[in-house]
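Here is what each chain is made of, one letter per residue.
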Amino acid sequence: MVALTTWVGGTLYQMVVIVPLWNASPPESVRAFFQGTDWNRTIFNFFGPPFIVARNVPVLAALIAGWHLPRHRRALLIATACFTVFGAIFTVAYVYPINAVLFEQAGGAQSADEIRALVNQWILFDRVRFAVGLVGFAAVLHAFRLPIPGERQR
């Protein structure tokens, strides 16, 4: 839960504070923010693969541990689908290629219009990913609030 809560808070902070700094007036703001800095290495380490694993492994472990509990299983399957199936795969397939251009190359050799389009696309993808992640987060919270059936009383 700590990793998931950190992701929710960190992503919300990023959306409200950090993203407006580099998307204020692309391509100039993208180049000014990312060019010649270690930001891309820092952001990749914070939101990248080590933390994706830290978020997903406990959700998968909870799903396996709660598989025999139908109500828990349903909620944890939703969380697993949101974080692992959608979140991780969507991030690697759609967000990381944009990160490679915007964050690692500060827009690279792309035209101003192409950079603006990538910025808008990245923001849309990030919001969709966050919304789906919030569904997964709510599903985990729901699963953890459900009572665990005990032995039948004699």
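Treat the numbers as computed from the prediction; the structure is a model and nothing was measured.

What counts, and where the lines are drawn
- Residues numbered from 1 in each chain as written.
- Predicted model: local features only at pLDDT ≥ 70, side-chain atom pairs only at ≥ 80, totals over all residues.
- Heavy atoms only, no water.
- Helix = DSSP H or I, 4+ residues; strand = E, 2+ residues; numbered from the N terminus.
- Buried < 20%, exposed > 50% of the residue type's maximum accessible area, 1.4 Å probe, protein only.
- Contact = heavy atoms within 4.5 Å.
- Areas by Shrake-Rupley, 256 points an atom, 1.4 Å probe, with all protein chains shown as cover.
- Salt bridge = Lys/Arg side-chain N within 4 Å of Asp/Glu carboxyl O.
- Axes fitted to C-alpha atoms, helices over the stretch in contact; angles between N-to-C directions.
- Parallel < 35°, antiparallel > 145°, perpendicular 65-115°, else oblique.
- Left-handed = near helix turned anticlockwise from the far one by under 90°.
- Nonpolar A, V, L, I, M, F, W, Y, C, P; charged D, E, K, R; others polar.

Peer 1: Go over the overall build of the protein chain, please, and point to the residues and values.
Peer 2: Within the protein chain, the secondary structure is distributed over six helices and zero strands. Looking at the 154 residues of the protein chain, the share that counts as buried comes to 42%. Sequence separation of at least 24 residues holds for 74% of the intrachain contacts in the protein chain that already meet a minimum separation of 6. In the form shown here, the protein chain has an accessible surface area of approximately 8,900 Å², with 66% of it arising from carbon and sulfur atoms.

Peer 1: Break down the pattern of salt bridges for me, citing the residues and quoting the values.
Peer 2: Per the counting criterion, the structure on display carries three salt bridges. Between D113 and R116 there is a salt bridge whose closest N-O contact spans 2.8 Å. One end of the pair, D113, and the other, R116, are both in helix α6 (residues 112-145), three residues apart, so they sit about a helical turn from each other. A salt bridge links R129 to D126, with the nearest nitrogen and oxygen atoms 2.7 Å apart. Here the residue R129 and the residue D126 both occupy positions in helix α6, the gap between them amounting to three residues, near one helical turn. In this structure, a network of salt bridges that share partners links the residues D126, R127 and R129.

Peer 1: I'd like a rundown of the environment of I123, residues and numbers included.
Peer 2: Mapped onto the fold, I123 is located in helix α6. Each C-alpha atom of the pair I123 and V19 lies 8.3 Å from the other, and the pair is 104 residues apart in sequence. Leave out the neighbours within four places in its chain, and I123 touches V19 and N23.

Peer 1: Can you tell me about unusual backbone geometry, naming the residues and giving the values?
Peer 2: In this structure, P27 follows P26 across a cis peptide bond, with omega equal to 10 degrees. Positionally, P27 belongs in the loop between α1 (2-22) and α2 (28-34). Unusually for a residue other than glycine, A106 sits at a positive phi of about 50 degrees. Among the structural elements, A106 can be located in the loop between α5 (70-102) and α6.

Peer 1: I'd like to hear about the packing of α1 against α6, residue by residue, with values.
Peer 2: Contact geometry of α1 with α6 gives a least axis separation of 10 Å together with a crossing angle of 160 degrees. The orientation of α1 with respect to α6, classified from their angle, is roughly antiparallel. You can see that α1 and α6 cross each other, and the crossing is left-handed. Facing L4, T5, W7, V8, T11, L12, Q14, M15, V19 and W22 of α1, the residues of α6 in contact are V119, W122, I123, D126, R127, R129, F130, G133, L134, F137 and V140. Each residue belonging to the contact of α1 with α6 can be placed in one class, and the counts come to 14 nonpolar, four polar and three charged.

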